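# Report on the structure
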Amino acid sequence: MDRVVVQPIDKDKFRVYKDLSYQGIYIPKGFVTNGANIPRIFWSLFPPNSPEYLSAVVIHDYMCANVSEYGYEKADRYFYDAMVEIGVSKWKAKLFYFCVKWYHKFKVFKNRGTPLAGL
């Protein structure tokens, strides 16, 4: 897999500078990403825009931006697979995978509403 080439365009925003493809997913030049959404407290351990995993982050961001086409489960799985493929340690890839999977489960649950809403 090729590494992503990005251009900083604003604080925490990057534009994909060169087309990127991975397992049939095509990320066009010009796609804008904010990098990894890692809580600030963990930045010393996991910098949000580390080249170590930025390519996988961009793939995941693109798939999530087009969730109606790909779905969160597929986006999360491709994120994990891409991390492993580019050489991220398995423990770190599993940790990141667990976090995005948990986040998406919470997001979907939260957006469904609660049974007691409106009472």
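See the structure printed just above.
First things first, this report covers the structure right here in the doc. Remember, it's a predicted structure, so these values are computed and weren't measured experimentally. In every chain, residue numbers begin from 1 and rise along the written sequence. Only residues with pLDDT of 70 or above have their local features reported here, since the model is predicted, and side-chain atom pairs are shown and tallied only from 80 upward, although totals for entire chains, interfaces and linings are computed over all residues. Side-chain metrics rest on all non-hydrogen atoms present in the structure, leaving aside hydrogens and water.

## A short note on the overall build of the chain
- A helix here means a DSSP run of H or I that spans at least four residues, while a strand means a run of E at least two residues long, and both kinds are numbered starting from the N terminus. Summing up its helical and strand segments, the chain has 4 helices and 5 strands in all.
- Starting at the N terminus, the α and β elements of the chain follow one another as β-β-β-β-β-α-α-α-α.
- Once local pairs closer than 6 in sequence are excluded, the contacts in the chain between residues at least 24 apart make up 45%.
- In the form shown here, the chain has an accessible surface area of approximately 7,700 Å², with 58% of it arising from carbon and sulfur atoms. Whether two residues touch is decided by their heavy atoms; if any such pair falls within 4.5 Å, the residues are in contact. Accessible surface area values rest on a Shrake-Rupley calculation with a 1.4 Å probe, where residue burial reflects the displayed protein chains alone.

## Comments concerning the pairing of strand β1 (residues 6-10)
- Examined bridge by bridge, β1 and strand β2 (residues 13-16) share 4 bridges and lie antiparallel to one another. Among the inter-strand pairings, V6 is bridged to a residue of β2, identified as V16.
- Pairing between strands requires that DSSP locate at least two bridges from one strand to the other. Counted between consecutive antiparallel strands, the loop separating β1 from β2 contains 2 residues, among which D12 sits at a positive phi close to 60°.

## Some words on the sheet that holds strand β5 (residues 32-33)
- Read from one edge of the open sheet, 3 strands run β1-β2-β5, paired in antiparallel fashion. At either margin of the open sheet sits one strand with a lone partner, and together these are β1 and β5.
- Examined bridge by bridge, β2 and β5 share 2 bridges and lie antiparallel to one another. Residue pairing in the sheet places R15 in a bridge with V32 of β5.

## A closer look at the packing of aromatic side chains
- Two aromatic rings, drawn from Phe, Tyr or Trp (for Trp, its six-membered ring), form a pair once their centres lie within 6.5 Å of each other, and the interplanar angle then sorts them: stacked below 30 degrees, edge-to-face above 60, tilted otherwise. The tally for this structure, following the rule as stated, stands at 8 aromatic pairs.
- Ring plane angle 55° and centroid distance 6.4 Å describe the contact between Y62 and Y70, whose orientation is recorded as tilted. As far as burial versus exposure is concerned, Y62 and Y70 are alike and both buried.
- Each ring is checked for a lysine NZ or an arginine CZ that lies within 6 Å of its centre and within 35 degrees of its normal; such an atom marks a charge sitting over the ring. Between the NZ or CZ atom of K29 and the centre of the ring of Y17, over which it lies, the distance is 5.8 Å. Buried means the residue's accessible area, taken with a 1.4 Å probe over protein chains only, is under 20% of the maximum for its type, while exposed means over 50%, and partly exposed covers the values in between.

## Some words on helix α3 (residues 72-85)
- Between the first and last residue of a helix there are one fewer steps than residues, each counted as 1.5 Å, and that sum is the expected span. Its 14 residues give α3 an end-to-end C-alpha distance of 20 Å, which sits within 8% of 20 Å, the value for a rise of 1.5 Å per residue.
- Those residues of α3 lying buried are Y72, A75, D76, Y78, F79, Y80, A82 and M83.
- Two residues or fewer past α3, G87 is found with a positive phi of approximately 100°.

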